[in-house]
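Given next are the chains, with one letter for each unit.
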Amino acid sequence: MEIIIQPNAEEASMIAARHVARLVRDKPNAVLGLATGSTPLMMYRELVRMHKEQGLDFSEVTTFNLDEYVGLSPEHPASYHAFMWDNFFSHINVKRERVHIPDGLSSHVPAFCRKYEETIVAAGGIDLQVLGIGSDGHIGFNEPSSSLASRTRIKTLTAQTREDNAKAFGSAEKVPFHVITMGVGTIMDTRHVIILAFGEKKAEAIAGAVEGAITAMNPASILQMHPVATCIIDEGAATKLKRTEYYRWVYDRKPEWQKL
Ligand code: GLP
């Protein structure tokens, strides 16, 4: 795993945005895996800026989002549909029919999940998956104890995650118990993963994911087995890592052609 520590969330987000932009320029019909939460917001803002000011073209891009709350309609303000359109899709030229977000209102969740997996395969697989991380190490909504080989399916949120995500709903009691999420195995099939984490609240989860043993108790730790995983974090999220000197040393010595 490549670990890139930046002075702040903004600089980290710029690097992530440049990765996405480079892929979209090199492969206009790229397939992006996208995440919600506060973490990728600055990256989305920068991609919108690149679209508006530099003509970054998303017209042939296909997207798959990681997850959605069960029971929420796309119009619900706390739904991940609303989040993605408000913060990203409405501001770029992505085609609506190329956007995929799990359907929280599906009447047959297992059938929907199978179809979601098939649609990813039919699109050619995900080229670049952007991830945040939960304070408990979850990726997508794969909570601790999730199978590390899991596929898209229904999951039940932990009390901690319902607390963490309460803001969008007004209170933790209003956060749904169930979600549909891409599985850990689905995420592992993507060609490149970028995991972003900002602030000390994420430090423990990042330390476990990067330097801990691979365990379903910290689902992000499976990324140690991903052939191309890039972990881009700020100083706060790096506070519990032991080998920060080495990570900085490697990054400072990156060959020019590898830099973004
Ligand atoms: C939710 C999402 C995750 C996200 C996590 C962290 O649980 N399902 O994909 O990574 O929140 O959220 P934030 O970025 O707001 O800290």
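Rules of the game
- Per chain, residues are indexed from 1 in the order of the written sequence.
- pLDDT decides what is reported in this predicted model: residues at 70 or higher carry local features, side-chain atom pairs at 80 or more are listed and counted, and totals for whole chains, interfaces and linings draw on all residues regardless.
- The side-chain figures draw on all heavy atoms in the structure; neither hydrogens nor water molecules are used.
- Helix and strand assignments come from DSSP, with helices taken as H or I runs of at least 4 residues and strands as E runs of at least 2, each series counted from the N terminus.
- The reference for a compact globule is 2.2 Å times residues^0.38; the radius of gyration itself is calculated from the C-alpha atoms.
- Each residue gets one of three labels from its accessible area relative to the maximum for its type: buried under 20%, exposed over 50%, partly exposed in between, using a 1.4 Å probe on protein chains only.
- By definition in these notes, contact holds between two residues if any of their heavy atoms fall within 4.5 Å.
- Surface accessibility follows the Shrake-Rupley procedure with a 1.4 Å probe radius. Residue values consider only the protein chains on display as shielding.
- For this count, His and the chain ends are skipped, Lys and Arg are scored as positive, and Asp and Glu as negative.
- Note on charges: their place is set at NZ of Lys, CZ of Arg, CG of Asp or CD of Glu.
- Two strands qualify as a pair provided that DSSP identifies no fewer than 2 bridges between them.
- The nearness test applies per residue and asks whether one of its heavy atoms lies within 4 Å of the molecule or strand.
- Under the rule applied, a polar contact is a pair of N or O atoms within 3.5 Å (in protein, one hydrogen donor and one hydrogen acceptor; residues adjacent in sequence only if both atoms are side-chain atoms).
- Only protein atoms enter the 1 Å grid, on which a cavity is a set of points fitting a 1.4 Å probe that cannot get out and a pocket is an open set with protein on both sides within 12 Å along at least 5 of 7 lines, lining residues being those with an atom within 4 Å of a point.
- The rule for placing a molecule in a cavity or pocket is simple: more than half of its atoms must lie within 2 Å of the grid points.
- Throughout, the ten residues Ala, Val, Leu, Ile, Met, Phe, Trp, Tyr, Cys and Pro are labelled nonpolar, Asp, Glu, Lys and Arg are labelled charged, and all others, Gly among them, are labelled polar.
- Note on geometry: axes are C-alpha line fits, over the in-contact stretch for helices, and angles between N-to-C directions span 0 to 180 degrees.
- Orientation labels follow simple angle bins: below 35 degrees gives roughly parallel, above 145 gives roughly antiparallel, 65 to 115 gives roughly perpendicular, and whatever is left gives oblique.
- Throughout, a crossing is termed right-handed when the near helix is turned clockwise from the far one, and left-handed when it is turned anticlockwise from it by less than a right angle.
- Whenever Lys or Arg places a side-chain nitrogen within 4 Å of a carboxyl oxygen from Asp or Glu, that contact is recorded as a salt bridge.
- Grid points are joined across faces, edges and corners, and a volume is the space filled by probe spheres set on the points.

Q: Can you tell me about the overall build of the protein, naming the residues and giving the values?
A: In terms of regular secondary structure, the protein is built from eight helices and ten strands. Against the 2.2 N^0.38 benchmark of 18 Å for 260 residues, the protein shows a C-alpha radius of gyration of 17 Å, consistent with a compact globule. When the backbone C-alpha atoms are referred to their principal axes, the protein occupies close to 50 × 40 × 35 Å. For the protein, the proportion of its 260 residues judged to be buried stands at 57%. Considering only contacts in the protein between residues 6 or more positions apart, those separated by 24 or more positions represent 79%. About 11,600 Å² of surface is accessible on the protein, with carbon and sulfur atoms providing 53% of the total. In the protein, 28 side chains carry a positive charge and 31 a negative one; their mean positions are 2 Å apart.

Q: For the sheet that holds strand 3 (residues 62-65), give the residues involved together with the corresponding values.
A: Strand pairing in a sheet relies on backbone hydrogen bonds, with the paired strands running either antiparallel or parallel. Pairing is parallel in the open sheet, where seven strands are placed in the order 1-10-9-6-2-3-5. Only two strands of the sheet have a single neighbouring strand rather than two, namely strand 1 (2-6) and strand 5 (99-100). Looking at chain direction, strand 2 (residues 31-34) and strand 3 are connected through four bridges and run parallel. Bridge pairing in strand 3 links Gly 33 to Phe 64.

Q: Outline the site of the ligand, supporting the account with residue identities and numerical values.
A: The environment of the ligand is made up of Gly 37, Ser 38, Thr 39, Asp 67, Tyr 80, Gly 132, Ile 133, His 138, Gly 140, Phe 141, Asn 165 and Lys 202. Note that an oxygen atom of the ligand is positioned 3.3 Å from one of the backbone N or O atoms of Ile 133. In isolation the ligand offers 390 Å² of accessible surface; the protein chains occlude 89% of this area. Judged by its atoms lying within 2 Å of the grid points, the ligand is housed in the largest pocket. When grouped by side-chain class, the residues that make up the shell around the ligand number three nonpolar, seven polar and two charged.

Q: Could you give an account of the packing of helix 1 (residues 9-26) against helix 2 (residues 41-54), with specific residues and numbers?
A: Remark: helix 1 packs on helix 2, axes separated minimally by 8 Å, with the N-to-C direction vectors making an angle of 50 degrees. The orientation of helix 1 relative to helix 2 falls into the category oblique. Every pair of crossing elements has a handedness; the one defined by helix 1 and helix 2 is right-handed. Across the interface between the two elements, Ala 9, Glu 10, Ser 13, Met 14, Ala 16, Ala 17, Arg 18, Val 20, Ala 21 and Arg 25 from helix 1 touch Met 42, Met 43, Glu 46, Leu 47, Met 50 and Gln 54 from helix 2.

Q: Lay out the pattern of salt bridges in plain terms, naming residues and giving numbers.
A: The full count for this structure, using the stated rule, is 13 salt bridges. Put simply, Arg 151 and Glu 117 hold a salt bridge, and the shortest N to O gap is 3.0 Å. Separated by 34 residues along the polypeptide, Arg 151 in the loop between strand 6 (128-131) and strand 7 (153-156) and Glu 117 in helix 4 (residues 109-122) bring together distant segments of the chain. What makes Glu 117 buried here is its relative accessible area of 14%. Between Lys 240 and Glu 204 there is a salt bridge, with the nearest N and O atoms lying 3.5 Å from each other.

Q: I'd love a proper account of the layout of surface pockets, names of residues and values included.
A: In this structure, the largest pocket encloses a volume near 740 Å³. Forming the walls of the largest pocket are 32 residues, and the residues nearest its centre are Thr 36, Gly 37, Ser 38, Tyr 80 and Asn 165. Counting residues per element, the ones that place at least two in the lining of the largest pocket are strand 4 (67-69) and helix 3 (80-87). Of the residues in the lining of the largest pocket, the class split is 15 nonpolar, eleven polar and six charged. One number sums up the size of the second largest pocket: a volume of about 220 Å³. Along the wall of the second largest pocket there are 13 residues; nearest its centre are His 19, Arg 22, Leu 23, Leu 128 and His 192. With three residues, helix 1 is the largest single contributor of residues to the lining of the second largest pocket. Looking at the lining of the second largest pocket residue by residue, the classes come out as three nonpolar, four polar and six charged.

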